[in-house]
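# Residue-level structure breakdown
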Amino acid sequence: MTAGLRDARRADYERNKLHKRLLRLTGQAIGDYRMIGEGDRVMVCLSGGKDSYALLDLLLTLRERAPVDFEIIAVNLDQKQPGFPADVLPRYLDGIGVPYRIETQDTYSIVTRVIEPGRTMCSLCSRLRRGILYRLADELGATRIALGHHRDDILETFLLNLFHGGKLKSMPPKLVSDDGRHMVVRPLAYVEERDLEAYAQWRQFPIIPCNLCGSQPNLQRQEMKKMLRDWERRHPGRVDNAFAALSRVVPTHLMDRGLFDFGALETGETPPGEPELGFDPDPALRAVAPDTVTTPIPIRPIRREQP
Ligand code: SF4
């Protein structure tokens, strides 16, 4: 076998592995959070970026294999950014035979009028876009609004809220809109951004650049992204652990009195949640270092004097 042929086979093998991993993780997130069920009409929001192309592509494959029937309709919002190539998405969607709707709304004029030049416009732009997408979901009878946010988006949002918002909060995989009428799902919640980059390159999606609006990048988010990439390089496993921690929350070991009623906590009953060995005699420790383990003092009920 020639070196060229060997390389081509190796590349094929890697792409296959990547495709299987993406399908597995997407299917797993959909199942874990019960994102899509029988009869759902899923509105897939396409921006023209790698994530939303991959989302649509993976959902189309998963629909073929799913035990439930659901519909897919792609939606793109043309926000009238200068130079937006309005023909790219319709051509792509016609080519793959997916029903779609392109909605034209000039949010670009609004954000450039309201936001001072040189500042990031993303926050207002996203709010306007969200309102339009909810309206479209109503018009199209969509029961799910699928967004292409991935694992790294979720972690970045978590860190942004932690460092700048003073909250333990991120982007949930499944969310009901504030008015209770729409269900937003993020089927790529378990997928790493670098996998989506590789997938987009392999599938040659016709990517539309995301900087047409001329907004300043969100510097705080960029900083979080850089920090995560740096951790990944220097401390393998740290980012995976941070992500896993988001679904292993222990309210009894945090400080939110709204999540756990610390005021009602009393001795004499088994505490809820994870065992806390910090102050209890540990049987394993008793075997290896008996001198360090004190015998717990039995707690007797307090006898109160009768008045
Ligand atoms: S980069 Fe531009 S189009 Fe994208 S959210 Fe920000 S302002 Fe809107």
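Description of the structure in this document. (Residues numbered from 1 in each chain as written. Predicted model: local features only at pLDDT ≥ 70, side-chain atom pairs only at ≥ 80, totals over all residues.)

## What about the sheet that holds strand β2 (residues 71–78)?
In a beta sheet, neighbouring strands are held together by backbone hydrogen bonds and run either parallel or antiparallel to one another. For clarity, the cut-off: Strands qualify as paired when DSSP identifies two bridges or more between them. For the purposes of this entry, the term helix denotes a DSSP run of H or I that reaches at least four residues, the term strand denotes a run of E that reaches at least two, and both are numbered from the N terminus. Between N-to-C directions, angles span 0 to 180 degrees; the directions come from axes that are lines fitted to C-alpha atoms, helices contributing only their stretch in contact. Each residue gets a C-beta atom placed from its backbone, and two residues are in contact if those atoms lie within 7 Å.
Judged by pairing direction, the sheet is mixed, and its six strands sit side by side in the order β3-β2-β1-β4-β6-β5 without closing on themselves. This sheet does not close on itself; its edge strands, each paired only once, are β3 (100–104) and β5 (174–176). Ignoring which end each strand starts from, the neighbouring axes of this sheet average 25 degrees apart. Pairing analysis gives three bridges linking strand β1 (residues 41–45) to strand β4 (residues 144–146), with the strands arranged parallel. Within β4, the position partnered with Val-44 by the bridge is Ala-146. Where helix α2 (residues 50–65) meets the sheet, its contacts fall on β1, β2 and β4, and the angle it forms with β1 comes to roughly 155 degrees.

## Concerning the packing of helix α1 (residues 3–32) against α2
What counts here: Roughly parallel means an angle under 35 degrees; roughly antiparallel, over 145; roughly perpendicular, 65 to 115; everything else is oblique.
The contact between α1 and α2 brings their axes to 10 Å, and the two run at 75 degrees. One way to sum up the angle between α1 and α2 is to call them roughly perpendicular. On the side of α1, the interface is formed by Leu-22, Leu-23, Thr-26 and Gly-27, while α2 contributes Leu-58, Thr-61 and Leu-62.

## Notes on helix α6 (residues 151–165)
Applied cut-off: Given the number of residues in a helix, its expected span is that number minus one, multiplied by 1.5 Å. Remark: C-beta atoms are placed from the backbone, and a residue is labelled buried if 20 or more other C-beta atoms sit within 10 Å of its own, exposed if 12 or fewer do, or partly exposed between those counts.
For α6, built from 15 residues, the straight-helix expectation of 21 Å at 1.5 Å per residue is met to within 8% by its first-to-last C-alpha distance of 20 Å. Along α6, the positions that sit buried rather than exposed are Arg-151, Asp-152, Asp-153, Ile-154, Leu-155, Glu-156, Phe-158 and Leu-159. Check the buried side of α6 and you find it contacts α7 (193–203), α8 (219–234) and α9 (238–245).

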